[in-house]
Amino acid sequence: MEFRELSIPGAWEITPRQFGDDRGVFLEWFKDSAFTAAVGRPLELRQANCSVSAAGVLRGVHFTDTPPGQAKYVTCVRGAFLDVIVDLRVGSPTFGRWDSVLIDDVDRRAVYLSEGLGHAILSLEDASTVMYLCSIEYTPSLDRDLHPLDPDLGIDWPTVGRDGRPLEYQLSDKDAAAPSLATLTADGVLPRFGR
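Rules used in this analysis
Residues numbered from 1 in each chain as written. Predicted model: local features only at pLDDT ≥ 70, side-chain atom pairs only at ≥ 80, totals over all residues. Heavy atoms only, no water. UniProt positions renumbered as here; feature names shortened; annotations may be inferred. Helix = DSSP H or I, 4+ residues; strand = E, 2+ residues; numbered from the N terminus. Rg over C-alpha atoms; globule rule 2.2 N^0.38 Å. Buried < 20%, exposed > 50% of the residue type's maximum accessible area, 1.4 Å probe, protein only. Contact = heavy atoms within 4.5 Å. 1 Å grid on protein atoms, 1.4 Å probe; cavity = no way out; pocket = protein on both sides within 12 Å on 5 of 7 lines; lining within 4 Å. Points joined across faces, edges and corners; volume = space filled by probe spheres on them. Nonpolar A, V, L, I, M, F, W, Y, C, P; charged D, E, K, R; others polar. Salt bridge = Lys/Arg side-chain N within 4 Å of Asp/Glu carboxyl O. Phe/Tyr/Trp six-rings, centres within 6.5 Å; stacked < 30°, edge-to-face > 60°.

- Per an unreviewed UniProt entry, the chain carries the name dTDP-4-dehydrorhamnose 3,5-epimerase and comes from Rhodococcus olei.
- Regarding the chain, the UniProt comment filed under Sequence similarities (unreviewed entry) reads as follows: "Belongs to the dTDP-4-dehydrorhamnose 3,5-epimerase family."

The structure is reproduced here in structure tokens:
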């Protein structure tokens, strides 16, 4: 496994070694010892999720009240997603900035994001499937949302899918009604850097 810290401290791209032959492919998409050595702490595992999306489905930006916060380890097992991490930690030198990783069924990369970071994914192909490990169980009272198309974030979302066809963004009602970064900042609900 190869670990690369993204431009947002606390977020990592993980590229596994793939072993293939005429029967298929084998890889380790998570390995505790390698993860702990690279990130500096183990991943507490409390929940595992799977989500299947049509091309153009945009999920997020989601984050969790911190503390306790929710760390995530995300990979794509079918299709392709643009995985976006946003630094929402007030006081962080990279507050409001984002970075992204293409996760797909070719390179089979994973993304790790620590507590206090926002997360969004855009499906680039029909039936794309993402799996993620979470450090805490989903708790609706801790769940927060930020509008993924907020111009203050300036996320450079792809406009074409993996097949070259134009993408039509599809947001849930909850994500479409999510507040802006300015509103969340004014409301004082964003995580604090260093907690």
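Here the narrative resumes, following the displayed structure.
**Some words on the overall build of the chain**
Thinking step 1. Secondary structure summary: the chain contains three helices and 13 strands in total.
Thinking step 2. The C-alpha atoms of the chain give a radius of gyration of 16 Å, which matches the 16 Å a tight globule of 195 residues would have.
Thinking step 3. Projected onto its principal axes, the C-alpha coordinates of the chain cover approximately 55 × 40 × 30 Å.
Thinking step 4. With 195 residues in all, the chain has 45% of them scored as buried.
Thinking step 5. Sequence-distant contacts, at least 24 apart, represent 80% of the contacts inside the chain between residues at least 6 apart.

**Overview of empty space enclosed by the protein**
Thinking step 1. In total, this model carries one cavity of 30 Å³ or more according to the counting rule given.
Thinking step 2. Residue lining of the largest cavity: His62, Phe63, Thr64, Gln70, Lys72, Leu113, Leu117 and His119, and that is the complete set.
Thinking step 3. Those elements that place two or more of their residues in the lining of the largest cavity are β6 (58-64) and β11 (117-123).
Thinking step 4. In terms of residues, the lining of the largest cavity owes the most to one element, β6, which gives three residues.
Thinking step 5. Looking at the lining of the largest cavity residue by residue, the classes come out as three nonpolar, four polar and one charged.

**Overview of the pattern of salt bridges**
Thinking step 1. A complete count under the given rule lists 16 salt bridges for this structure.
Thinking step 2. A salt bridge links arginine 89 to aspartate 87, with the nearest nitrogen and oxygen atoms 2.9 Å apart. Like arginine 89, the residue aspartate 87 is buried in the burial classification.
Thinking step 3. Across the salt bridge formed by aspartate 104 and arginine 162, the nearest N and O atoms sit 3.8 Å from each other. Note that aspartate 104 is positioned in strand β9 (residues 98-104) and arginine 162 in the loop between β13 (143-145) and α2 (173-176), a separation of 58 residues in sequence.

**Here's the deal with the packing of aromatic side chains**
Thinking step 1. Under the counting rule described, the total for this entry stands at five aromatic pairs.
Thinking step 2. Taking the centre distance of 5.9 Å and the plane angle of 50 degrees together, the rings of tryptophan 29 and tyrosine 73 count as tilted. Here tryptophan 29 is found in the loop between β4 (24-27) and α1 (32-39), whereas its partner tyrosine 73 is found in strand β7 (residues 72-78), with 44 residues between them in sequence.
Thinking step 3. Ring geometry for phenylalanine 35 versus tyrosine 112: centroids 4.8 Å apart, planes at 80 degrees, classification edge-to-face. A residue pair is termed long-range when its members are at least 10 positions apart, and phenylalanine 35 in helix α1 and tyrosine 112 in strand β10 (residues 110-113) qualify at 77 residues.
Thinking step 4. The buried category is assigned to phenylalanine 35, whose relative accessible area is 0%.
Thinking step 5. Pairwise contacts between aromatic rings join Trp29, Phe30, Phe35, Tyr73 and Tyr112 into one cluster.

**Side note on unusual backbone geometry**
Thinking step 1. With an omega dihedral of 0 degrees, the bond running from threonine 66 to proline 67 counts as a cis peptide bond.
Thinking step 2. Here proline 67 lies in the loop between β6 and β7.
Thinking step 3. Backbone torsion omega between proline 67 and proline 68 reads 5 degrees, so that peptide bond is classified as cis.
Thinking step 4. Looking at the secondary structure, you find proline 68 in the loop between β6 and β7.
Thinking step 5. The backbone phi angle of arginine 108 is positive, close to 60 degrees, even though this residue is not glycine.
Thinking step 6. With respect to the helices and strands, arginine 108 occurs in the loop between β9 and β10.
Thinking step 7. Classification of arginine 108 as partly exposed rests on a relative accessible area of 23%.
Thinking step 8. Positive phi, close to 65 degrees, is recorded for alanine 127, a residue that is not glycine.

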